[in-house]
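Commentary on secondary and tertiary structure
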Amino acid sequence: MLRRSFSLACNSIKLYLADPAPMVIYLIMPVGLMAFLVPASQGLLLSQGYAHASGAEQAVPGMTVMFSFFVVGVIGVQFFREQGWGTWDRLRIASGALEILVGKIVPGLLLLLCQFLIVFASGGLLFRLHVAGSLTGLLLIALGFALSVLSMTMALIAWCKTLDQLNVIASVLSIVLSGLGGSFAPVNVLPAWARILAKASPAYWALGGMRAIILDGEGIGTALSAFAVLAAFTAAFGVLTAVRLNIREAKVSET
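Just so it is clear, the structure is predicted and the values come from calculations on it, not from any experiment.

Describing the overall build of the chain
Scanning the chain for helices and strands turns up ten helices and zero strands. The order of helices and strands in the chain, counted from the N terminus, is α-α-α-α-α-α-α-α-α-α. Every one of the 255 residues in the chain was classed for burial, and the buried ones make up 49%. For the chain, long-range pairs separated by at least 24 residues make up 80% of all intrachain contacts whose partners lie at least 6 apart in sequence. Total accessible area on the chain is roughly 11,800 Å²; 70% of this is exposed by carbon and sulfur atoms.

What follows is the structure in structure tokens.
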């Protein structure tokens, strides 16, 4: 199993590298948007008592989380293109469902973690981001969030019948879930109804944990608490995937 999954993962990575434009855009855009959001975020953080905040403490994790959601479409396209290229049946016959999922998920996980590292490094170099707490805890939250996003991706692939459906739903969820979670502004400044709904977004728990580590100097304990909730989201999306996924089902890849 591991050998076939590894082979599938390597092939998926080659496909990403053959057309790197989407990922390059999703790396450049958050950095560009941070340039606009950092000054406004600084004012918000200063008003909340963070006297030494630069604004990057809100903008960097916020944009990282939002654009992590956009990677859902990039990963999902690979599944649908296999059907359009006529290679899905061969892939299905040669490998089991679990092998296919592992082979597709691992490259997606690497993409998300690379995005996290690059955007955070850019935040430190360009916008004076300073992490007061545990870097290990920050990475743990990033891993938990990446797994929840990938699990959501698998659920969307399982339930969507066409690539158009996937793209539309993924785009809407990206904006809604990241906005509710606090990507644009801290949750405590959002309207009351948004604060109520925020906890239904994995972004809320990821950003809450990241902010606590970055601004308040929290450590592994906070990271583990956030990771546990994100693991619950991962499991819930996994159940949705298991209920609906059928590797024999034909998908429409044309847009």
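Examining a nonpolar patch on the surface
On the surface, Val168, Ile169, Val172, Ile175 and Val176 cluster together into a nonpolar patch covering about 400 Å² of accessible area. Considering the arrangement of structural elements, one finds Ile169 in helix α7 (residues 163-181).

Description of helix α10 (residues 220-244)
Taking 1.5 Å of rise per residue, 25 residues should cover 36 Å, and α10 covers 36 Å from first to last C-alpha, within 8% of that figure. Of all the residues in α10, the buried ones are Ala223, Ala226, Leu230, Phe233, Phe237 and Thr241. On its buried side, α10 packs onto α6 (135-159) and α9 (202-216).

So, the nonpolar core
By size, the foremost hydrophobic cluster in this structure holds 60 residues, and its most contacted members are Met34, Phe69, Phe120, Leu138, Ile141, Phe145 and Met210. Contributing elements (two or more residues each) for this core: α2 (21-47), α3 (56-84), α5 (97-127), α6, α7, α9 and α10. Looking at which element gives the most residues to this core, the answer is α3, with 16 residues. The contacts of Leu138, once residues within four sequence positions are left out, are Phe116, Phe120, Val131, Met210, Ile213 and Ile214. Among the nonpolar cores identified, the runner-up in size contains five residues, and Leu180, Val187, Ala194 and Ala198 belong to it.

Some remarks on the side chain of Ser151
Residue position: Ser151 is located in helix α6. Within the local environment of Ser151, its side chain forms a polar contact with the backbone nitrogen of Gly238, the two atoms lying 3.1 Å apart. Apart from the residues within four sequence positions on either side, Ser151 is in contact with Thr234, Phe237, Gly238 and Thr241.

Regarding the packing of α6 against α9
Contact pair α6 / α9: the axes reach a minimum separation of 10 Å and the direction vectors enclose 170°. Here α6 lies roughly antiparallel to α9, going by the angle between them. When α6 is examined against α9, the residues Gly137, Leu138, Ile141, Ala142, Phe145 and Ser148 are found in contact with a partner set consisting of Pro202, Ala203, Ala206, Gly209, Met210, Ile213 and Ile214. A breakdown of the residues in the contact of α6 with α9 according to their chemical character gives ten nonpolar, three polar and no charged.

Topic: the packing of α7 against α9
Direction vectors running N to C along α7 and α9 enclose 40°, while the axes themselves pass 7 Å from each other. In terms of orientation, α7 lies oblique with respect to α9. Crossing angle aside, the handedness with which α7 passes α9 is right-handed. Across the interface between the two elements, Leu177, Ser178 and Gly181 from α7 touch Ala203, Tyr204 and Leu207 from α9.

Here is what the cut-offs are and how they apply
- Residues numbered from 1 in each chain as written.
- Predicted model: local features only at pLDDT ≥ 70, side-chain atom pairs only at ≥ 80, totals over all residues.
- Heavy atoms only, no water.
- Helix = DSSP H or I, 4+ residues; strand = E, 2+ residues; numbered from the N terminus.
- Buried < 20%, exposed > 50% of the residue type's maximum accessible area, 1.4 Å probe, protein only.
- Contact = heavy atoms within 4.5 Å.
- Areas by Shrake-Rupley, 256 points an atom, 1.4 Å probe, with all protein chains shown as cover.
- Patch = residues over 30% accessible without salt bridge, like charges linked within 9 Å, V, L, I, M, F, W, Y side chains within 5 Å.
- Salt bridge = Lys/Arg side-chain N within 4 Å of Asp/Glu carboxyl O.
- Expected span 1.5 Å × (residues − 1).
- Core = buried A, V, L, I, M, F, W, Y, C linked by side-chain atoms within 4.5 Å.
- Polar contact = N/O pair within 3.5 Å; in protein donor to acceptor, adjacent residues only side chain to side chain.
- Axes fitted to C-alpha atoms, helices over the stretch in contact; angles between N-to-C directions.
- Parallel < 35°, antiparallel > 145°, perpendicular 65-115°, else oblique.
- Nonpolar A, V, L, I, M, F, W, Y, C, P; charged D, E, K, R; others polar.
- Left-handed = near helix turned anticlockwise from the far one by under 90°.

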